[in-house]
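Coordinates in review
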Amino acid sequence: MNCSARAFWLRSPGHGELRDVTLAAPGEGEVLVRSLYSGVSRGTETLVFRGGVPESQHAVMRAPFQEGEFPGPVKYGYLNVGIVEEGPDELIGRTVFCLYPHQTRYVVPVSAVTVVPEHVPAARAVLAGTVETAVNALWDAAPLVGDRIAVIGGGMVGCSVAALLARFPGVRLQLVDADPARAKTAEALGVGFAAPEDALGDCDLVVHASATEQGLTRALELLAPEGTVLELSWYGDRRIALPLGEAFHSRRLTVRSSQVGTVSPRRAGRSYADRLALSLDLLADPALDALITGESEFEELPEVLPKLASGEVPALCHRVRYTDVG
């Protein structure tokens, strides 16, 4: 039997709307999920909202259950937590995470959902996709015990990386951001904080996630000889300049990219499912609640997303609540 749902669509850059959806009953090997929460990642999703995905990256930037095309109309998103209402007996009533856009109910293959561990609150599990990015970054970076590390950019991804690095023994770790308000977030995560001009140098590793030219330049400046910058920023359609003259070559510095779309080759044999399951398990740490900095009702998304995109509503992860789903 068909059922109805509502979904958030980007009608055109800067303009969102809610649309009615009719869902077919789940077939064999599928589940019907009722959304509890979804998350807006202020970096990627607001870039999509502004229409900033370059044409060359349209295919790469597709979300798993995206409908429509960039720059719009498009249904986009990838941080959803809900309860299975129909499907295999062992999943009915279970809380699951899915890389699905903002929608009140949806039908997906069983393989697309991951059960949220009982010790992880559903409201925190919306962070799973971003923590997964951080896990992959650290698989790429392979930090060592005792490393001197800076994370530049106190956004959602940078803070997730810093939160995981705080568990490494013996590291000297700073979260670096131009916004002094990020000091409070760093404290909640158990991480030291510094403004860019005050950050400690001689770093073995700098993880850059500020998506600014100035931040990437500062990352190179903070490295020790033979050090590495792991670049996590997504610049969309912006071009940036990077100073590769002066002592870049003589100090034998490295700039390496990392992107969650591929499992790190340094973890051969690990699957996407393995990485997501690990990320959900890591969310047992209540300190990660510091990454959720706002919440609104699903029906408010058309009004809230423009404010998130403009910075009028400051946010790391903005959580969307589905309280009126019948």
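Everything discussed here concerns the structure shown above.
Predicted model only: the values in this text are computed from it and were never measured.

1. Some remarks on the overall build of the protein
Along the protein, the regular secondary structure elements total 8 helices and 17 strands. For the protein, whose C-alpha radius of gyration is 20 Å, the value lies close to the compact-globule estimate of 20 Å for 326 residues. Principal-axis analysis of the C-alpha atoms gives the protein an extent of 65 × 40 × 35 Å. In the protein, which comprises 326 residues, the proportion classed as buried is 49%. A separation of at least 24 residues holds for 66% of the contacts in the protein among residues at least 6 apart in sequence. Of the roughly 14400 Å² that the protein leaves accessible, carbon and sulfur atoms contribute 51%. Placing the 29 positive and 40 negative side-chain charges of the protein at their respective mean positions leaves the two points 3 Å apart.

2. Structural notes on the side chain of Q103
Mapped onto the fold, Q103 is located in the loop between β7 (95–98) and β8 (105–109). A polar side-chain atom of Q103 sits 2.6 Å from a polar atom in the side chain of K75. Engagement of the side chain of Q103 in a polar contact is seen with the backbone oxygen of R105, the distance being 2.7 Å. Not counting chain neighbours up to four residues away, the residues in contact with Q103 comprise A5, R6, A7, V21, L23, S35, K75, N80, F298 and Y322.

3. Describing the environment of E197
Inspection of the secondary structure assignment puts E197 in the loop between β12 (192–194) and β13 (203–208). On the accessibility criterion, E197 (61% relative accessible area) is exposed. As a C-alpha pair, E197 and V176 span 21 residues in sequence and 9.2 Å in three-dimensional space.

4. A word on the nonpolar core
Ranked by size, the top nonpolar core spans 71 residues in total, and within it Y76, F97, L127, V151, V161, L280 and L283 carry the most contacts. For Y76, the contacting residues outside a window of four places in its chain are T44, E45, V48, M61, R62, A63, Q66, F70, P101 and H102. In this structure, A150, I152, V229 and L253 belong to the second largest nonpolar core, which totals 16 residues.

5. Section: the pattern of salt bridges
Counted according to the given criterion, the structure contains 17 salt bridges. Salt-bridge contacts for E67 lead to K75; the nearest nitrogen and oxygen are separated by 2.8 Å. The exposure class of E67 is partly exposed, given its relative accessible area of 37%. Taken together, the salt bridges that share partners define one network made up of E295, E297, R319 and R321.

6. Quick word on the sheet that holds strand β11 (residues 172–176)
Strands sit in the order β12-β11-β10-β13-β14-β15 across an open sheet of 6 strands; the sheet is parallel. Each of the sheet's edge strands pairs with one partner strand only, and the pair in question is β12 and β15 (254–257). Adjacent strand axes in the sheet meet at a mean angle of 25° when their direction is disregarded. The sheet contact formed by β11 and β12 spans 3 bridges and is parallel.

7. Points about the packing of helix α3 (residues 128–141) against helix α4 (residues 156–165)
It is the contact of α3 with α4, at a shortest axis distance of 8 Å, that shows an interaxial angle of 60°. Classified by the angle their axes make, α3 and α4 are oblique. In the crossing of α3 with α4, the sense of the turn from one axis to the other is right-handed. For the pair α3 and α4, contact is made by T130, V131, T133, A134, V135, A137 and L138 and by M156, V157, S160, V161, L164 and L165, respectively. Tallied by class, the residues present in the contact of α3 with α4 amount to 10 nonpolar, 3 polar and no charged.

8. Comments concerning the packing of aromatic side chains
Going through the model one piece at a time under the given rule, you end up with 5 aromatic pairs. Each ring, one from Y76 and one from Y78, has its centre 6.0 Å from the other, and the planes form 85°; the classification is edge-to-face. Of the residues examined, Y78 reaches a relative accessible area of 15% and is grouped as buried. Ring plane angle 10° and centroid distance 4.1 Å describe the contact between Y100 and Y106, whose orientation is recorded as stacked. Lying over the aromatic face of W9, R19 brings its terminal NZ or CZ to 4.4 Å of the ring centre.

How each quantity is defined
- Residues numbered from 1 in each chain as written.
- Predicted model: local features only at pLDDT ≥ 70, side-chain atom pairs only at ≥ 80, totals over all residues.
- Heavy atoms only, no water.
- Helix = DSSP H or I, 4+ residues; strand = E, 2+ residues; numbered from the N terminus.
- Rg over C-alpha atoms; globule rule 2.2 N^0.38 Å.
- Buried < 20%, exposed > 50% of the residue type's maximum accessible area, 1.4 Å probe, protein only.
- Contact = heavy atoms within 4.5 Å.
- Areas by Shrake-Rupley, 256 points an atom, 1.4 Å probe, with all protein chains shown as cover.
- Lys, Arg positive; Asp, Glu negative; His and termini not counted.
- Charge placed at Lys NZ, Arg CZ, Asp CG, Glu CD.
- Polar contact = N/O pair within 3.5 Å; in protein donor to acceptor, adjacent residues only side chain to side chain.
- Core = buried A, V, L, I, M, F, W, Y, C linked by side-chain atoms within 4.5 Å.
- Salt bridge = Lys/Arg side-chain N within 4 Å of Asp/Glu carboxyl O.
- Pairing = 2+ DSSP bridges.
- Axes fitted to C-alpha atoms, helices over the stretch in contact; angles between N-to-C directions.
- Parallel < 35°, antiparallel > 145°, perpendicular 65-115°, else oblique.
- Left-handed = near helix turned anticlockwise from the far one by under 90°.
- Nonpolar A, V, L, I, M, F, W, Y, C, P; charged D, E, K, R; others polar.
- Phe/Tyr/Trp six-rings, centres within 6.5 Å; stacked < 30°, edge-to-face > 60°.
- Lys NZ or Arg CZ within 6 Å of the ring centre and 35° of its normal.

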